[in-house]
Amino acid sequence: WGELEVFFQLGNLILPKGLNYSAIAGLPSGPGVYLMKDEKGECIFKGKAENILRKVQNHFALTNRSRRSHMLRSTVRKIEVANG
C-alpha cells in the first residue's frame, strides 16, 4: 500500500521515467534549492522554492502543460535537494 497511499496524497502527477511517488513525497515541504538531473547525472534544471515539495508537484502536475514541464517529464531521472 505504500506507493498507492503516497499516490493519493500527492494527486495526479505525470512522473518521469525512473521516478516514483515515494521519491517525490520524500522531498521537504520547506524552502530551499533543488536540482533535477538527467540520466547522466548532469543538472538540467535548478529551482528555488519556499516549498520544494509543492513546487516539484507543480512541475509534474497532470494539468501543467508548459514546455518546461514537458521537457522535465521527458528528461529528469533524479531530484536532489541542495545543501547550503
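Scroll up to find the structure.
The paragraphs below set out a description of the structure included in this document. This is a predicted model, so every value here is computed, not measured.

**A few points about the pattern of salt bridges**
One pass over the structure, following the stated rule, counts two salt bridges. Residues Lys37 and Glu80 are paired through a salt bridge, measuring 2.9 Å at the closest nitrogen-oxygen approach. Residue Lys37 is found in strand E1 (residues 32-37), and its partner Glu80 is found in strand E3 (residues 78-82); the two are separated by 43 residues along the sequence. According to the relative accessible area criterion, Glu80 is partly exposed, its value standing at 23%. Measuring nitrogen to oxygen at the nearest pair gives 3.2 Å for the salt bridge that ties Glu80 to Lys78. Taken together, the shared-partner salt bridges in this structure form one network comprising Lys37, Lys78 and Glu80.

**A look at the pairing of strand E2 (residues 43-49)**
Relative to E2, E1 runs antiparallel, the two sharing six bridges. Opposite Gly32, over in E2, you have Ala49 as the bridge partner. Linking E1 back to E2 in an antiparallel pair, the connection comprises five residues, with Gly41 at a positive phi of about 85°.

**Digging into the sheet that holds E2**
In sheet architecture, strand pairing relies on hydrogen bonds along the backbone and comes in two forms, parallel and antiparallel. Taken in spatial order, the three strands line up as E2-E1-E3 in an open sheet, and their pairing is antiparallel. Edge positions in the sheet fall to E2 and E3, since each of these pairs with one other strand and no more. The mean angle between the axes of side-by-side strands here comes to 25°, regardless of whether they run parallel or antiparallel. Against the sheet, helix H3 (residues 52-59) contacts E1, E2 and E3, and its axis sits at roughly 35° relative to E1. Of the strands in this sheet, E1 and E2 touch helix H4 (residues 67-75), which is tilted by about 125° from E2.

The rules behind each value
- Residues numbered from 1 in each chain as written.
- Predicted model: local features only at pLDDT ≥ 70, side-chain atom pairs only at ≥ 80, totals over all residues.
- Heavy atoms only, no water.
- Salt bridge = Lys/Arg side-chain N within 4 Å of Asp/Glu carboxyl O.
- Helix = DSSP H or I, 4+ residues; strand = E, 2+ residues; numbered from the N terminus.
- Buried < 20%, exposed > 50% of the residue type's maximum accessible area, 1.4 Å probe, protein only.
- Pairing = 2+ DSSP bridges.
- Axes fitted to C-alpha atoms, helices over the stretch in contact; angles between N-to-C directions.
- Contact = heavy atoms within 4.5 Å.

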